[in-house]
Amino acid sequence: MKQKFLLIALALGMTLGAWAKPYSVTVLGEYGYNIPWGHFGGGEVRADLPFNDYFELDLAVEGLSSRVYTGSVTARPKFPLPTGEMFLDGTILYKSVQRNRINDYVMAASLGYRMDYVSVQLGIFSQVFGDMDADYHSLSSYSVDPFNVLYRIQVNTRPEKSPWNIYLGVSDYTELEYERHYQPIFWIGAHYDLPFYNVFSRSDNLRGNIRNLRVLAEVYCKPTGMFHLDAQFYGIKAKLGLCMRF
C-alpha cells in the first residue's frame with residue numbers, strides 16, 4: 001500500500017510539474033556492498049519539481065536486489081538571498097526491508113543554506129521501526145527513536161550551475177537513507193552536461209541543442225569506526241545514471 005501511494009505521488013508530481021517551471025527526472029543504476037547483505041544491485045528514480053522560485057517538491061524511489069524498497073517525499077520552501085539561498089526541508093520517508101521483515105518510517109525537518117561552492121544543512125528527524133509480522137494493534141511491535149540530529153555539508157569544486165562539476169560531502173542522511181549522527185556517510189560525485197535536443201520541453205529556453213541532459217556518477221561510503229569504538233567497515237554504494245530536464 002505504501003509503495004503504491006509513493007508511485008502515485010511521483011506520477012502526480014511529474015504531471016503538475018509540466019505546467020510549472022522546468023523539472024528534471026534522474027534515473028540511476030546502483031551497485032553496493034556491505035557486511036550484513038553482501039553484494040547487491042538496484043535502481044533509483046528521482047524527480048525534482050520546482051513549482052516556482054520559492055517552492056519545490058522532490059520525490060525519490062529505490063529498489064534493491066537485497067529486497068529493500070524505499071520512497072521519500074520532500075517539500076522545500078526557498079528564500080533567495082543576495083548571495084545564495086536559504087531553504088527549509090520537510091521529508092517523509094518509508095523503507096520496507098523485506099529480508100528482515102522490518103518497516104522504517106522517518107520524518108525530518110531541517111534548515112539549509114546553499115551557495116555556489118558550499119551547501120550546509122542542519123535539522124532533526126524521528127524514526128520508527130516496525131515488525132511486519134507483529135500485531136500492529138500492539139505498541140510492542142514498534143521501536144521509536146524520537147530525536148536524532150540531521151546534518152549535511154557539501155563542497156563543490158565549481159559553481160553549482162556549471163556544465164561539469166566534482167563535489168564531495170559528509171552527512172548522516174541521503175535522499176533514501178537516514179543514520180544516527182555518529183555513523184556519517186561520505187560521498188564523492190561528478191556530473192557532466194551534454195547537448196541534447198529536447199522536443200518535449202514546454203519551455204522555449206530548453207528547446208534545441210542545449211545542455212539539458214546530465215551524466216552523473218556518485219560513490220557513497222559509510223564506515224562506522226570514526227566516532228565510536230566499532231572499527232568494522234560497513235558498506236559502499238556506487239551510482240551511475242542520467243538526468244533529463246524537461
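Residues numbered from 1 in each chain as written. Predicted model: local features only at pLDDT ≥ 70, side-chain atom pairs only at ≥ 80, totals over all residues. Heavy atoms only, no water.

1. With respect to the pairing of strand 5 (residues 85-97)
Sheet topology places strand 4 (residues 68-80) next to strand 5; 11 bridges connect them, and they run antiparallel. Directly across from Lys 78, in strand 5, lies its bridge partner Phe 87. Following strand 4, the chain reverses through four residues before pairing antiparallel with strand 5; Gly 84 in that reversal takes a positive phi of roughly 80 degrees. Where strand 5 meets strand 6 (residues 102-114), 13 bridges bridge the pair, whose relative direction is antiparallel. Of the residues in strand 6, the one forming a bridge with Ile 92 is Met 107. Here strand 5 folds back onto strand 6 in antiparallel fashion, the turn holding four residues, of which Arg 101 has a positive phi close to 55 degrees. (Pairing = 2+ DSSP bridges. Helix = DSSP H or I, 4+ residues; strand = E, 2+ residues; numbered from the N terminus.)

2. Some remarks on the packing of aromatic side chains
A complete count under the given rule lists five aromatic pairs for this structure. Aromatic side chains Phe 51 and Phe 55 sit 5.9 Å apart centroid to centroid with 45 degrees between the ring planes, which places their arrangement in the tilted category. Phe 55 sits in the partly exposed class, given a relative accessible area of 30%. Taken together through their ring pairs, the aromatic side chains of Phe 125, Tyr 173 and Tyr 178 make up a single cluster. (Phe/Tyr/Trp six-rings, centres within 6.5 Å; stacked < 30°, edge-to-face > 60°. Buried < 20%, exposed > 50% of the residue type's maximum accessible area, 1.4 Å probe, protein only.)

3. A few points about the pattern of salt bridges
A full pass over the atoms with the stated rule returns 15 salt bridges. Counted as one network, the salt bridges with shared partners bring together Glu 56, Asp 58, Arg 76, Lys 78 and Asp 89. (Salt bridge = Lys/Arg side-chain N within 4 Å of Asp/Glu carboxyl O.)

4. Topic: the environment of Asn 212
Following the sequence through the fold, Asn 212 ends up in strand 13 (residues 209-222). Asn 212 sits 17 residues away from Pro 195 along the chain, and the two C-alpha atoms are 6.6 Å apart.

The values reported here are purely geometric and, on their own, carry no functional implication.
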